[in-house]
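# Examining the three-dimensional arrangement
Below are the chains, spelled out letter by letter.
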Amino acid sequence: MTRLLHVGAAQLGPIQQSDDRASVVIRLIELLRQAKAAKCELVVFPELALTTFFPRWFVDDIATTDHWYETEMPSAVTLPLFLEAKRLEIGFCLGYAELTPQGERFNTQILVERDGSVVAKYRKVHIPGHETNEPDRPFQHAERYYFTPSAEGFGVWKAFGGRMGMMICNDRRWPESYRVMGLQGVEMILCGYNTPMHYVPDPTQDVLQGFHNALVMQSGAYQNGTFVVGVAKGGVEEGVLGLCDSSIIAPSGEILAKTVTTGDELVSAVCDLDWCKQYKETLFDFDKYRRPEVYGRITAQRGAVLD
Ligand code: ING
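Before going into details, it helps to say that this report is about the structure given with it. For clarity, every value in this text was computed on a predicted model and none was experimentally measured.

Every one of the 14 residues lining the ligand counts as a neighbour, but Glu143, Cys169, Asn170, Arg173 and Thr195 are closest to it. Between the ligand and Arg172 there is a distance of 3.1 Å, counted from an oxygen atom to a side-chain nitrogen or oxygen. Calculation on the ligand without its partners gives an accessible area of 370 Å², and the protein chains cover 96% of this total.

The following block contains the structure:
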């Protein structure tokens, strides 16, 4: 049996501070139309896909940054995206900054089915960067100031004929993210990212950004028998160079499609979700081969080093 899902990775080039949401929605709709022409059923957009990556600046009064957040989804300015996707009968995954009525701030992704219904919402668990202003930096990465780490964890939802999961950017660097979804039988993980090439705490990692990006997503895919779709917002955004390399990765860990530009670019692949079984029912048959009774003693926290 095959369960084919034609998925698109819709990479965005830079969104400058002066680019308003309406102009970004026009770009997203253009990518949707390219996806339709390529016969995609699902399109994945990047993390924080509606605005510039505003955590690169620190402001003392966070209330002055509310305009970077969405208080409703869709809103009047994002509704055209939802309407066009429904008209084209394409589902999508969209990352954005969420400000709740209670004043909570999350780095959020939603999954919308082909009929326009919102299937799922995921809020970023692993928040990188720093909480306070670091004026000596060439640019800030103050996500821990602007976003609350989610306590909701990683879910897996039945949609698009399979079992879909979501994670956001830094989540992809943590093996737990993949395994928590792997234990729920995930077959495709959707992940947007904004990754500066320059890593201020350790610049030796700069030249390895592309390698590390591929390493973590290919490993996570293989070790959990799942597809992974990683989608960048990259290029030079407000003077900061962001990694691109958006990719669609198979349960084998192989890269099925990868972008080659630093701008708006769609790549797609026909994914047979039954491919996952070739790993979930052999090498990574968790019920047969995993040893949680052994790992259980140390997985929750650091273990003591034995003398
Ligand atoms: N960004 C980064 C990421 O994990 C980062 C944080 C920046 C890591 C630069 C390494 C180098 O890809 C987000 N938004 O999580």
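Size it by volume and the largest pocket reaches roughly 410 Å³. Considering the residues around the largest pocket, the lining is formed by 21 residues, among which Pro128, His141, Asn170, Arg173 and Tyr199 are closest to the centre. Considered class by class, the residues forming the lining of the largest pocket number 8 nonpolar, 9 polar and 4 charged.

What follows covers the packing of aromatic side chains. Remark: the centre distance and the inter-plane angle together describe each pair of aromatic rings, the angle taken between the planes. As enumerated under the stated definition, the model contains 13 aromatic pairs in all. The rings of Phe54, Phe58, Trp68, Tyr69, Tyr145, Tyr146 and Phe147 are connected pair by pair, giving a single aromatic cluster.

Bringing the sheet that holds strand E6 (residues 156-159) into the picture now. Across a sheet, strands are paired by hydrogen bonds formed along the backbone, either parallel or antiparallel in direction. The 6 strands are arranged E6-E7-E8-E9-E12-E13 in an open sheet whose pairing can be described as mixed. What marks the edges here is a single partner per strand, and that holds for E6 and strand E13 (255-258). Shown here is a sheet whose adjacent strand axes are inclined to one another by a mean of 20°, direction ignored. Relative to strand E9 (residues 227-232), strand E8 (residues 188-193) runs parallel, the two sharing 6 bridges. In the sheet register, Leu190 faces E9, and the bridge partner there is Val229.

We now examine a nonpolar patch on the surface. A contiguous nonpolar surface patch, about 400 Å² in accessible area, is contributed by Val207, Leu208, Phe211 and Leu215. Along the chain, Val207 turns up in the loop between E8 and helix H5 (209-224). Overall, the relative accessible area of 75% leaves Val207 in the exposed class.

Before going further, it helps to examine the pattern of salt bridges. Following the criterion strictly, the structure yields 20 salt bridges and no others. A salt bridge links Asp274 to Arg3; the nearest nitrogen and oxygen atoms lie 2.8 Å apart. Of the two residues, Asp274 is situated in the loop between strand E14 (265-272) and helix H6 (277-280) and Arg3 in the segment before strand E1 (4-11); the sequence distance between them amounts to 271 residues. Across the pair Glu237 and Lys233 runs a salt bridge whose closest N-O atoms are separated by 2.9 Å. Each member of the pair, Glu237 as well as Lys233, carries the same accessibility label: buried. Each member of the salt-bridge network shares a partner with another, and the members are Arg3, Glu187, Asp274 and Lys277.

It is worth spelling out the environment of Thr2 at this point. Of note, Thr2 is situated in the segment before E1. For Thr2, a relative accessible area of 52% puts it in the exposed group. Taking the C-alpha atoms as reference points, Thr2 and Ile15, separated by 13 residues in sequence, lie 38 Å from one another. Discounting chain neighbours no more than four positions away, the residues touching Thr2 are Asp272 and Asp274.

Calculation notes
Residues numbered from 1 in each chain as written. Predicted model: local features only at pLDDT ≥ 70, side-chain atom pairs only at ≥ 80, totals over all residues. Heavy atoms only, no water. Near = heavy atom within 4 Å. Polar contact = N/O pair within 3.5 Å; in protein donor to acceptor, adjacent residues only side chain to side chain. Areas by Shrake-Rupley, 256 points an atom, 1.4 Å probe, with all protein chains shown as cover. 1 Å grid on protein atoms, 1.4 Å probe; cavity = no way out; pocket = protein on both sides within 12 Å on 5 of 7 lines; lining within 4 Å. Points joined across faces, edges and corners; volume = space filled by probe spheres on them. Nonpolar A, V, L, I, M, F, W, Y, C, P; charged D, E, K, R; others polar. Phe/Tyr/Trp six-rings, centres within 6.5 Å; stacked < 30°, edge-to-face > 60°. Pairing = 2+ DSSP bridges. Helix = DSSP H or I, 4+ residues; strand = E, 2+ residues; numbered from the N terminus. Axes fitted to C-alpha atoms, helices over the stretch in contact; angles between N-to-C directions. Patch = residues over 30% accessible without salt bridge, like charges linked within 9 Å, V, L, I, M, F, W, Y side chains within 5 Å. Salt bridge = Lys/Arg side-chain N within 4 Å of Asp/Glu carboxyl O. Buried < 20%, exposed > 50% of the residue type's maximum accessible area, 1.4 Å probe, protein only. Contact = heavy atoms within 4.5 Å.

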